[in-house]
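Spelled out from the first residue to the last, the chains are:
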Amino acid sequence: MIARLAVAIVVSLSLVGAGSARRLRAQAAGSAELDRAVIDGIRAGVYPGAVVVVGRHDTILLARGYGHFTWSARSQVPDPDSSLFDLASLTKVVATTPAVMKLQEAGKLELDRPVRDYLPDFAGTGKDAVTVRHLLSHTSGLRAWLDLSKETGDAFAARRRVMEEPLLRAPGSRVEYSDFNAMLLGWIVEAVSGLPLDRFAEDSVFVPLGMRDSRFRPARSLWRRTVPNGVWRGTPVAGSVHDQNAARLGGVAGHAGLFSTGMDLSRYARVLLSGGRNAACAQVFRPGTVALFTRRAVEYRALGWELRDTVTAGSAGVRLSPSAFGHTGFTGTSMWIDPDQDLFVIILTNRVYAPRVGRSMTRIRDIRGQVADAAVGLADRVPARRGRAATSC
């Protein structure tokens, strides 16, 4: 694997001018620490394959695949541009949160209105006080999780169970990360837009951002390039959502179910670092909306997003700035965006595919932090573009 990367770099250097060659040498030197962290995770048995994409608002610094789809060396090597990963909870910030942003911008949804204004069946003691903002900041007072696949028999019953879930505490009194919050946000998007969440996200977010490979419930024709997220009777499983609550809800839910590629996620990250403009300079989100949703709301939470914990070394490492926002996913995915350093780092793995090591969740948290820190080191070695070439808009 390392040999193939080295050959690619040498060939690239032979085809470019002196300035570009210096840039490529800096990228090669800066990526060594990052490569080592990802490959060590494969060798340790944390995941069989991974994709990493690092960049700025105007450029990609690194886009690379590692390992294989499965533990078999005969399986495919993940590709940043074409391999589809089950994003798990990244769905919350790649589909649901931007869908809320679009409706809020259009004046169709208000963050401080009660959830019951949009979902009348969200009933129970104290629930009149729960607002859309509470859902986004995970301060609704709802419990963290419940296994709907065991508690309910179909999507209708699962939705009713969430709607009837009692509050554990007063809204706004405490942060408790909860999948229920994102499920409710997804249903609010559907109620306000009149469209299913997957259709609204595609029309209003993915298409304008050029995210051509982002989708819920990938068609069977795409399973060949979908990275497996499980094993059934010895056969790799690809194309079905790993999260069983999302599966109970039909594969489309506000908290999980989205599949995407590393390069599609990079397009999203670059828009957020560009004040809401896409590659064609169209204003997909207003700059003020991006700022509103990505700044601190309470503790280490923004609206939808997590903020870097500056006290402990977590999945964001220690070198991203305090303004960095991001999210992780149970399947082994993560995405961090640092507006102060004009930097993003995306890590996609299939950690849930037959890990060969215990405590893989802890191990991948450490790897995410190492990769994030290495991405900062890589960016430090490659000067930002200057002048007219620095921006296309």
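Since we're looking at a predicted model, the values are computed, not measured.

Rules used in this analysis
Residues numbered from 1 in each chain as written. Predicted model: local features only at pLDDT ≥ 70, side-chain atom pairs only at ≥ 80, totals over all residues. Heavy atoms only, no water. Phe/Tyr/Trp six-rings, centres within 6.5 Å; stacked < 30°, edge-to-face > 60°. Helix = DSSP H or I, 4+ residues; strand = E, 2+ residues; numbered from the N terminus. Buried < 20%, exposed > 50% of the residue type's maximum accessible area, 1.4 Å probe, protein only. Lys NZ or Arg CZ within 6 Å of the ring centre and 35° of its normal. 1 Å grid on protein atoms, 1.4 Å probe; cavity = no way out; pocket = protein on both sides within 12 Å on 5 of 7 lines; lining within 4 Å. Points joined across faces, edges and corners; volume = space filled by probe spheres on them. Nonpolar A, V, L, I, M, F, W, Y, C, P; charged D, E, K, R; others polar. Expected span 1.5 Å × (residues − 1). Core = buried A, V, L, I, M, F, W, Y, C linked by side-chain atoms within 4.5 Å. Contact = heavy atoms within 4.5 Å. Axes fitted to C-alpha atoms, helices over the stretch in contact; angles between N-to-C directions. Parallel < 35°, antiparallel > 145°, perpendicular 65-115°, else oblique. Left-handed = near helix turned anticlockwise from the far one by under 90°.

J.: Where do I start with the packing of aromatic side chains in this structure?
T.: Two measures describe an aromatic ring pair: the distance that separates the ring centres and the angle between the ring planes. The final tally for this structure, using the stated rule, is two aromatic pairs. Summarising the aromatic geometry, the rings of Tyr268 and Trp305 are spaced 6.3 Å apart at their centres and angled 25° between planes, so their arrangement reads as stacked. In this pair, Tyr268 sits in helix 10 (residues 262-273) while Trp305 sits in the loop between helix 11 (287-294) and strand 8 (306-307), placing the two residues 37 residues apart along the sequence. On the basis of relative accessible area, Tyr268 is assigned to the buried category, the value being 0%. Judged by relative accessible area, Trp305 falls into the buried class, the value being 1%. Within the aromatic cluster, the residues linked to one another by ring pairs are Tyr268, Trp305 and Phe325. Lying across the ring of Trp187, Arg159 places its NZ or CZ 5.0 Å from the centre.

J.: Hey, could you run me through the layout of surface pockets in this one?
T.: Remark: the empty space left among the atoms is shown by a probe the size of a water molecule rolled over them. Roughly 650 Å³ of internal volume is contained in the largest pocket. Forming the boundary of the largest pocket are 28 residues, of which Tyr177, Glu306, Thr328, Met361 and Arg368 lie nearest the centre. For the lining of the largest pocket, the secondary-structure elements that each account for two or more residues are strand 8, strand 9 (325-329) and helix 12 (360-381). Per-element accounting of the lining of the largest pocket gives the leading share, four residues, to helix 12. Grouping the constituent residues of the lining of the largest pocket by class yields 10 nonpolar, 10 polar and eight charged.

J.: Looking at this structure, how should I read helix 10?
T.: Because each turn of an α-helix spans 3.6 residues, side chains separated by three or four positions in sequence point in the same direction. Taking 1.5 Å of rise per residue, 12 residues should cover 16 Å, and helix 10 covers 16 Å from first to last C-alpha, within 8% of that figure. Of all 12 residues that make up helix 10, 10 are buried, and the element is covered over most of its length. Phi turns positive, to about 65°, at Gly275, one or two residues after helix 10.

J.: Explain the nonpolar core here, please?
T.: Generally speaking, a soluble globular protein has its nonpolar side chains buried in company with each other. In this structure, Val94, Leu111, Leu119, Leu184, Trp305, Met335 and Ile337 are the most contacted members of the largest nonpolar core, which totals 75 residues. Not counting residues within four places of it along the chain, the set of residues in contact with Leu119 comprises Arg159, Met163, Leu184, Trp187, Ile188 and Ala191. Grouped together as the second largest cluster of nonpolar side chains are 30 residues, Tyr66, Trp336, Val371 and Ala375 included.

J.: Just to check I follow, could you spell out the packing of helix 6 (residues 155-163) against helix 7 (residues 179-193) for this structure?
T.: Helix-helix packing: each pair is described by the crossing angle between the helix axes and the interaxial distance. It is the contact of helix 6 with helix 7, at a shortest axis distance of 11 Å, that shows an interaxial angle of 115°. As far as their axial angle goes, helix 7 and helix 6 are roughly perpendicular. The handedness of the crossing between helix 6 and helix 7 comes out as left-handed. Side by side, helix 6 and helix 7 meet where Arg159, Val162 and Met163 of the first sit next to Phe180, Met183, Leu184 and Trp187 of the second. Partitioned by chemical class, the residues of the contact of helix 6 with helix 7 number six nonpolar, no polar and one charged.

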